[in-house]
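# Analysis of the macromolecular model
What follows is each chain in one-letter form.
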Amino acid sequence: MALTLPSSNAYGYPLLIKQLLIRSRLVSATQEIVSGTDMRLSYAELNERIGRLANTLKVSGIGEGMRVGVMDWDTHRYLECFFAVPMMGAVLHTINVRLSPTQVLYTINHGEPDLIIVHQDFMPLIDEIKSGFDRDITIVPIGNGEGYEDWTGDAPSNFDFPDFDENRTATLFYTTGTTGNPKGVSYSHRQLVLHTLGLIAGFGACPGNGGFHRGDVYMPLTPLFHVHGWGFPYAATMLGLRQVYPGRYTPDTILRLIAAEGVSFSHCVPTILSMVLDHPDCRQTDLSQWKVIIGGAALPRSLQDRAATVGISLHAAYGMSETCPFLTVADLSSDDPEVQAQTGFPGPLVHLRVVTPDMQDVPHDGETTGEVVARAPWLTQGYLGNAQASDALWSGGYLHTGDVGYIRENGSLQITDRLKDVIKTGGEWISSLALEGFASSCIGIEEVAAIGLPHAKWGERPVLVAQLSKDADPDLVRDVVMEEIQSRVGLGELSKWAVPDEIFFVEQLPKTSVGKLDKKVVRQDISSRSDIKA
């Protein structure tokens with residue numbers, strides 16, 4: 001059979017970030033994007049501003065293959081950078097402003113940005129570390145935003161964004177989820193476009209009003225420096241949604257924007273939602289139309305219960321920096337709390353396996369655990385300048401998540417622990433997430449971490465480290481938690497080895513720069529206490 005030869009005039013349509021703007025530019029030109037409490041622009045204006053930014057960067061010496069860093073709050077300016085920088089063939093380096101000064105300096109020197117756009121709130125940090133820069137970097141201070149307008153305002157709004165290889169690097173950021181220095185994670189245009197399509201297909205296909213669709217008003221509550229705000233700004237812009245960017249995360253601003261702008265879809269780590277629920281204005285704000293995706297950490301039952309009392313629709317999702325991040329999402333059509341908290345079903349084009357150390361699949365029986373490994377067209381292909389870690393990440397041709405879990409008979413995944421957090425005591429493996437889940441369901445527990453401490457006889461023994469709710473009695477809470485765990489042992493849901501030796505109470509549990517529980521610091525702090533018994 002003869003093959004159809006393409007016309008010499010046919011357009012190959014490379015999967016470039018600029019293609020995400022085509023639909024919304026046409027059908028959502030008047031749709032509104034809100035930034036903070038005083039900035040509003042249409043999609044037509046967004047496209048003009050993207051052109052101005054690109055022209056300004058070009059005049060500033062930025063060309064194809066060069067890198068542009070950003071240090072800003074979640075604003076319309078950041079959204080413009082998401083498009084303008086990679087669309088002109090440069091690389092967007094989203095700098096994590098929550099890292100320590102030493103780590104920020106490392107990521108800048110390792111990532112080698114040629115220019116950094118810096119909000120005034122982060123200029124003291126730049127002033128502190130700039131003597132350690134190992135190359136010349138143009139710093140563009142943008143004041144409180146006014147400087148950004150002055151910098152870009154006179155530039156032409158038309159920019160001829162070129163076509164190029166869809167496999168060209170578009171973005172770069174650094175993850176601190178592993179030991180040692182932060183690791184550079186990059187994504188190509190092709191990967192980001194496919195991830196965008198995967199998000200829309202994975203979150204938009206559920207029945208009813210759940211999920212993520214064109215009727216939503218979108219507000220990110222995951223910092224835009226963290227895995228592109230989980231990729232949803234690209235998806236929201238492609239769909240032409242009304243978008244709301246809150247700037248700096250403060251609970252009063254978040255609640256005010258939800259009420260004033262009709263926000264219906266957000267995503268965040270548990271810490272951010274807990275902060276919102278703790279605010280006194282929460283009870284006076286109608287949150288019954290607000291859908292929230294929780295990721296970055298397990299969805300505690302206590303948080304589910306608190307969210308349910310104010311009408312929030314809460315569901316879990318799963319991914320990591322190296323997966324762009326979408327891998328799975330819970331059944332978005334379910335109102336069953338147990339189902340909502342499940343790690344969920346793999347997204348479109350996501351191939352998940354749960355394997356033994358020699359890469360053999362474990363049974364999909366809802367019980368047998370192993371390491372979760374994955375393939376998808378948007379997974380990072382390796383770490384910047386770190387071949388050894390890249391090879392370990394992709395050992396056996398699958399990306400190793402470092403998470404332990406099982407697959408149910410219906411194909412859904414459940415994460416039970418991190419490989420590094422599993423507690424082994426007396427020859428028994430104990431899931432820290434299971435312990436945390438049961439403990440967090442008890443009244444008086446605000447947040448809890450289960451860790452293993454070295455033990456001379458048993459190798460390790462589990463302990464709980466908990467943050468109490470306001471005015472909770474620690475002795476009463478300790479008794480309630482231990483009674484709950486013992487009852488789970490009696491029901492066969494936990495091994496007797498899982499009963500913790502002790503419950504320690506702390507004023508606040510430490511978090512990583514993106515709001516995840518930092519168990520490494522928890523272990524260090526608790527191990528240094530004088531009341532620890534070996």
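Keep in mind the model is a prediction, meaning the values are calculated, not measured. (Residues numbered from 1 in each chain as written. Predicted model: local features only at pLDDT ≥ 70, side-chain atom pairs only at ≥ 80, totals over all residues. Heavy atoms only, no water.)

Evaluation of the coordinates by the stated rule reveals 16 aromatic pairs. Ring geometry for F203 against F326: centres 5.1 Å apart, planes inclined by 50 degrees, an arrangement best described as tilted. Here F203, found in helix α7 (residues 189-204), pairs with F326, found in strand β14 (residues 326-329); they are 123 residues apart in sequence, far enough to count as distant. Judged by relative accessible area, F203 falls into the buried class, the value being 1%. Consider the rings of F212 and F265, whose centres lie 4.6 Å apart with planes at 45 degrees: the pair is tilted. Residue F212 is found in the loop between α7 and β9 (217-218), and its partner F265 is found in strand β11 (residues 265-268); the two are separated by 53 residues along the sequence. Neither residue differs from the other here; F212 and F265 are each classed as buried. (Phe/Tyr/Trp six-rings, centres within 6.5 Å; stacked < 30°, edge-to-face > 60°. Helix = DSSP H or I, 4+ residues; strand = E, 2+ residues; numbered from the N terminus. Buried < 20%, exposed > 50% of the residue type's maximum accessible area, 1.4 Å probe, protein only.)

Glancing now at the sheet that holds strand β5 (residues 115-118). Taken together, six strands build an open sheet; the order of strands is β6-β5-β3-β4-β7-β8 and the sheet is mixed. The sheet is open, and its two edges are formed by β6 (138-141) and β8 (183-188), each paired on a single side. In this sheet, neighbouring strand axes are inclined to one another by 20 degrees on average, regardless of whether the strands run parallel or antiparallel. Where helix α3 (residues 76-87) meets the sheet, its contacts fall on β3 (67-71), β4 (91-94), β5 and β7 (169-175), and the angle it forms with β4 comes to roughly 145 degrees. Where helix α4 (residues 101-111) meets the sheet, it contacts β3, β4, β5 and β7, and its direction lies at approximately 150 degrees from that of β7. (Pairing = 2+ DSSP bridges. Axes fitted to C-alpha atoms, helices over the stretch in contact; angles between N-to-C directions. Contact = heavy atoms within 4.5 Å.)

We now examine the nonpolar core. F83, F203, F212, L273, W290 and I312 are the most contacted members of the largest nonpolar core, which totals 128 residues. Counting residues per element, this core draws most heavily on α3, which supplies eight residues. Filtering out sequence-adjacent residues up to four positions away, F203 remains in contact with G211, F212, F232, F265, I293, A317, F326, V329 and L332. (Core = buried A, V, L, I, M, F, W, Y, C linked by side-chain atoms within 4.5 Å.)

A few words on the packing of α7 against helix α8 (residues 232-239). To characterise two packed helices, one gives the angle between the axes of the helices and the distance between these axes. As a packed pair, α7 and α8 sit with axes 9 Å apart at the nearest point and diverge in direction by 75 degrees. With respect to each other, α7 and α8 are oriented roughly perpendicular. Touching L192, T196, L197, L199, I200 and F203 of α7 are F232, Y234, A235, M238 and L239, all from α8. Its residues placed into classes, the contact of α7 with α8 shows ten nonpolar, one polar and no charged. (Parallel < 35°, antiparallel > 145°, perpendicular 65-115°, else oblique. Nonpolar A, V, L, I, M, F, W, Y, C, P; charged D, E, K, R; others polar.)

This next bit is on the pairing of strand β17 (residues 370-375). With five of six residues buried, β17 is to be regarded as a mostly interior element. Of the strand pairs in this sheet, β17 and strand β18 (residues 399-407) are connected by four bridges, and their pairing is antiparallel. Residue pairing across strands places V373 opposite H400, the latter belonging to β18.

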